[in-house]
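Remarks on the overall topology
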Amino acid sequence: MRAEGTDVASDVEKVGSADAPGAAGMAAPRVRGAFERRRARAVSLAIGSVVVLVALFVISLGIGRAMISPATVVGILANQLLGMPGDFGQGNVTIVMSVRLPRICAAMLCGASLALAGAAYQGLFKNPMVSPDILGASAGASFGAALALLLAWGSAAVQVSSFVFGFVAVMVTYVASKRVSRGATAMTLLLVLCGLIVQTLFQSFVSIIKYVADPNNTLPTITYWLMGSIAKVTWADLAVFMIPFLLGAIPLLLLRWRLNTLAFGDAEAEALGVNVRVLRAVLVLCSTLLTASVVAIAGVVGWVGLIIPHAVRFLTGPDNRTVMPLSLVFGAGFLLVVDTCCRTLMAAEIPLGILTSIVGAPLFFCILLRTSATLGGGQ
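This section reports on the structure supplied with the text. Please read all numbers here as calculations on a predicted model, not as lab measurements.

**Some thoughts on the overall build of the protein chain**
Scanning the protein chain from N- to C-terminus turns up 15 helices and zero strands. Expressed as a percentage of contacts within the protein chain between residues at least 6 apart in sequence, the contacts between residues at least 24 apart total 74%. Counting every atom, the protein chain has about 18200 Å² of accessible surface; 69% of that belongs to carbon and sulfur.

**So, the side chain of Arg-343**
Inspection of the secondary structure puts Arg-343 in helix H14 (residues 320-344). Here Arg-343 sits buried without a salt bridge, and the closest side chain of opposite charge, Asp-339, lies 4.3 Å off (N-O distance). There is a polar contact of 2.7 Å between the side chain of Arg-343 and the backbone oxygen of Ile-63. Excluding residues within four positions of it along the chain, Arg-343 makes contact with Ser-60, Ile-63, Gly-64, Arg-100, Arg-103, Ile-104 and Glu-349.

**Side note on unusual backbone geometry**
In this structure, Ala-152 takes a positive phi of about 60 degrees despite not being glycine. Among the structural elements, Ala-152 can be located in the loop between helix H5 (137-150) and helix H6 (155-180). For Ala-152, a relative accessible area of 65% translates into the label exposed. Although it is not a glycine, Trp-303 sits at a positive phi angle of roughly 75 degrees. Mapped onto the elements of the fold, Trp-303 is located in the loop between helix H12 (276-298) and helix H13 (304-316).

**Some thoughts on a nonpolar patch on the surface**
Residues Tyr-224, Met-227, Ile-354, Ile-358, Val-359 and Leu-363 make up a contiguous nonpolar surface patch of roughly 470 Å² in combined accessible area. Put simply, the parts of the chain that give the nonpolar patch at least two residues each are helix H8 (218-227) and helix H15 (352-378). In terms of residue count, the dominant contributor to the nonpolar patch is H15 (four residues).

**So, the nonpolar core**
Residues Phe-57 and Phe-125 are the most contacted members of the largest nonpolar core, which totals 78 residues. Looking at this core element by element, the count peaks at 20 residues for helix H4 (residues 90-125).

**Digging into H5**
The end-to-end C-alpha distance of H5 is 20 Å, a good match for the 20 Å that 14 residues give at a rise of 1.5 Å each. Burial of H5 is extensive: 12 of the 14 residues sit out of reach of the surface. For H5, every residue scored as buried is listed here: Ala-137, Ser-138, Ala-139, Gly-140, Ala-141, Ser-142, Phe-143, Gly-144, Ala-145, Ala-146, Ala-148 and Leu-149.

**Quick word on the pattern of salt bridges**
For the structure shown, the criterion picks out three salt bridges. The shortest N-O distance in the salt bridge between Arg-103 and Asp-339 comes to 2.9 Å. Here Arg-103, found in helix H4, pairs with Asp-339, found in helix H14; they are 236 residues apart in sequence, far enough to count as distant. In this structure, Arg-103 and Asp-339 share a single accessibility class: buried.

**Section: the packing of aromatic side chains**
In the structure shown here, the tally under the stated rule is eight aromatic pairs. On the basis of an interplanar angle of 20 degrees and a centroid distance of 5.9 Å, the ring pair of Tyr-121 and Phe-125 is categorised as stacked. Linking Tyr-121 with Phe-125, this pair stays in helix H4, spanning four residues, or about one helical turn. When sorted by exposure, Tyr-121 lands in the same class as Phe-125, which is buried. Ring pairs connect the aromatic residues Phe-143, Phe-165, Phe-202 and Phe-205, which therefore count as one cluster.

**Comments concerning the side chain of Asp-339**
By relative accessible area, which is 2% here, Asp-339 ends up buried. Leaving out residues up to four positions away in the same chain, Asp-339 has contacts with Arg-103, Ala-107, Ile-230 and Leu-352.

**Thoughts on the packing of H5 against H8**
Between H5 and H8, the shortest axis-to-axis distance is 10 Å and the interhelical angle comes to 155 degrees. On the basis of the axis angle, H5 is roughly antiparallel to H8. H8 is crossed by H5, and the crossing has right-handed handedness. Packed against H5, whose contacting residues are Ala-141, Ser-142, Ala-145, Ala-146, Leu-149 and Leu-150, the element H8 presents Thr-218, Thr-221, Ile-222, Trp-225 and Leu-226 at the interface. Of the residues belonging to the contact of H5 with H8, the class tally is eight nonpolar, three polar and no charged.

**Let's talk about the packing of H4 against H13**
The contact between H4 and H13 brings their axes to 7 Å, and the two run at 70 degrees. Judged by the inter-axis angle, H4 sits roughly perpendicular to H13. Here Gly-111, Leu-114, Ala-115, Gly-118, Ala-119 and Gln-122 of H4 come into contact with H13, specifically with Val-304, Gly-305, Leu-306, Ile-308, Pro-309, His-310 and Arg-313. Its residues assigned to classes, the contact of H4 with H13 shows seven nonpolar, five polar and one charged.

**What to know about the environment of Ala-46**
Along the chain, the position of Ala-46 falls in helix H2 (residues 23-62). Overall, the relative accessible area of 26% leaves Ala-46 in the partly exposed class. In this structure the C-alpha to C-alpha distance between Ala-46 and Leu-326, which are 280 residues apart in sequence, comes to 6.4 Å.

**Some remarks on the environment of Leu-219**
Within the secondary structure layout, Leu-219 lies in helix H8. Leu-219 sits 69 residues away from Leu-150 along the chain, and the two C-alpha atoms are 8.2 Å apart.

About the thresholds
- Sequence order as written defines residue numbering, which begins from 1 separately in each chain.
- Local features in this predicted model are restricted to residues of pLDDT 70 or higher, and side-chain atom pairs are both shown and tallied only at a pLDDT of 80 or more, whereas totals for entire chains, interfaces and linings draw on every residue.
- Derived side-chain values reflect all non-hydrogen atoms in the structure, with water molecules and hydrogen atoms excluded from consideration.
- In this description a helix means any DSSP run of H or I spanning at least four residues, a strand means any run of E spanning at least two, and both kinds are numbered starting from the N terminus.
- Contacts between residues were defined by any pair of non-hydrogen atoms, one from each residue, lying within 4.5 Å.
- Using the Shrake-Rupley algorithm and a 1.4 Å probe, accessible areas are obtained, with residue cover drawn only from the displayed protein chains.
- Burial here depends on accessible area, computed with a 1.4 Å probe over protein chains only, as a share of the maximum for the residue type. Under 20% is buried, over 50% is exposed, and the range in between is partly exposed.
- A positive count includes Lys and Arg, and a negative count includes Asp and Glu. His and the chain ends are not counted in either.
- The term salt bridge refers to a pairing of a side-chain nitrogen on Lys or Arg with a carboxyl oxygen on Asp or Glu at a separation within 4 Å.
- We define a polar contact as two N or O atoms separated by no more than 3.5 Å, with the added condition that, inside protein, one atom must be a possible hydrogen donor and the other a possible acceptor, whereas residues neighbouring each other in sequence contribute only through side-chain atom pairs.
- Residues form patches when they are more than 30% accessible in relative terms and have no salt bridge. Like charges link within 9 Å. Nonpolar side chains (Val, Leu, Ile, Met, Phe, Trp, Tyr) link within 5 Å.
- Throughout this description, the term nonpolar core refers to a set of buried Ala, Val, Leu, Ile, Met, Phe, Trp, Tyr and Cys residues connected via side-chain atoms within 4.5 Å.
- Under the convention used throughout, the expected extent of a helix is 1.5 Å for every residue step, that is, one less than its residue count.
- Each Phe, Tyr or Trp ring, with Trp reduced to its six-membered ring, pairs with another whose centre is within 6.5 Å; inter-plane angles below 30 degrees give stacked pairs, above 60 give edge-to-face pairs, and intermediate values give tilted ones.
- Axis definition: a line fitted to C-alpha atoms, over the contacting stretch in the case of helices. Angles run 0 to 180 degrees between N-to-C directions.
- The scheme is simple: roughly parallel for angles under 35 degrees, roughly antiparallel for over 145, roughly perpendicular for 65 to 115, oblique for anything else.
- Rotating anticlockwise by less than a right angle from the far helix to the near helix defines a left-handed crossing, while the corresponding clockwise rotation defines a right-handed one.
- In the scheme used here, Gly and all other residues not listed as nonpolar or charged are polar, with Ala, Val, Leu, Ile, Met, Phe, Trp, Tyr, Cys and Pro taken as nonpolar and Asp, Glu, Lys and Arg as charged.

Okay, structure coming up:
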């Protein structure tokens, strides 16, 4: 698969392909104009997506068994967070601030984490089919949680065990790929292959735990947890989650321009002054922190890290300087909408992982169709 280039790569190619002696100078204004238009479009899309996310946040706080108007929601937030006066009823305040707000914040943070990790992995492996669980983080975290549930540990221990084993799975993948690597050029492919091996191994461990678990009590709990849910997330869970989220998201956003250099290949990136080995390790570490922490508090939530970077790349192009921050915002909005549907569509709550798959698979197919049509029209 041909690696996606950057704005700079495409611009240089346009200028360098000119045949006439003075063509480069004549093409430069056109290249700059195209670059400025692309940047303006990205800025407009970023502003618009943030505005939409804020609107979805307010609307979601009001949707549920007890419907609350957006104006009342805004008033409650202003009253509770900013100290502005207002009487909105103690029941409404409790519903918004204690019941819905922690869950909505968790949905946004989980969606942002998975989408950002997916964008980082796709840029790192130069493959748009890569998802955050490609190195075994989700499978390892699932095994950790299933083991803790089998041993009847508390909820905090379940989260810790899930996070630790998710991290262990990726470290096993990374060490194994380093062990069998015969050169830097093969490292990326070996990471994926070793990740598939580790993922299969931990999925087998999960199957063993489900096989020996009590079918009346423990097995349903494990099965439901593996389907994904943030119904029981508390402010304490979010406080703990913020540590790996910040440690993972901030470096990824700061290093997103270096991720563009990997599109040229490892040798070219090294020539540009990038330490590819260190960059790859940092990207894997930060993406693992995000993925494992999400699985620890929400269970297995698929498709978000795969389809959101695709959708953003379709709208803005392959430049990771734009793709990664927009993936964070789009991922937060996507999982917020899906979780709102999970808790409102039916009397019994729908597991989050089920609905992300039901929504994500057709959406991904539509993105592929649009992308195929666009490429076909350009030939």
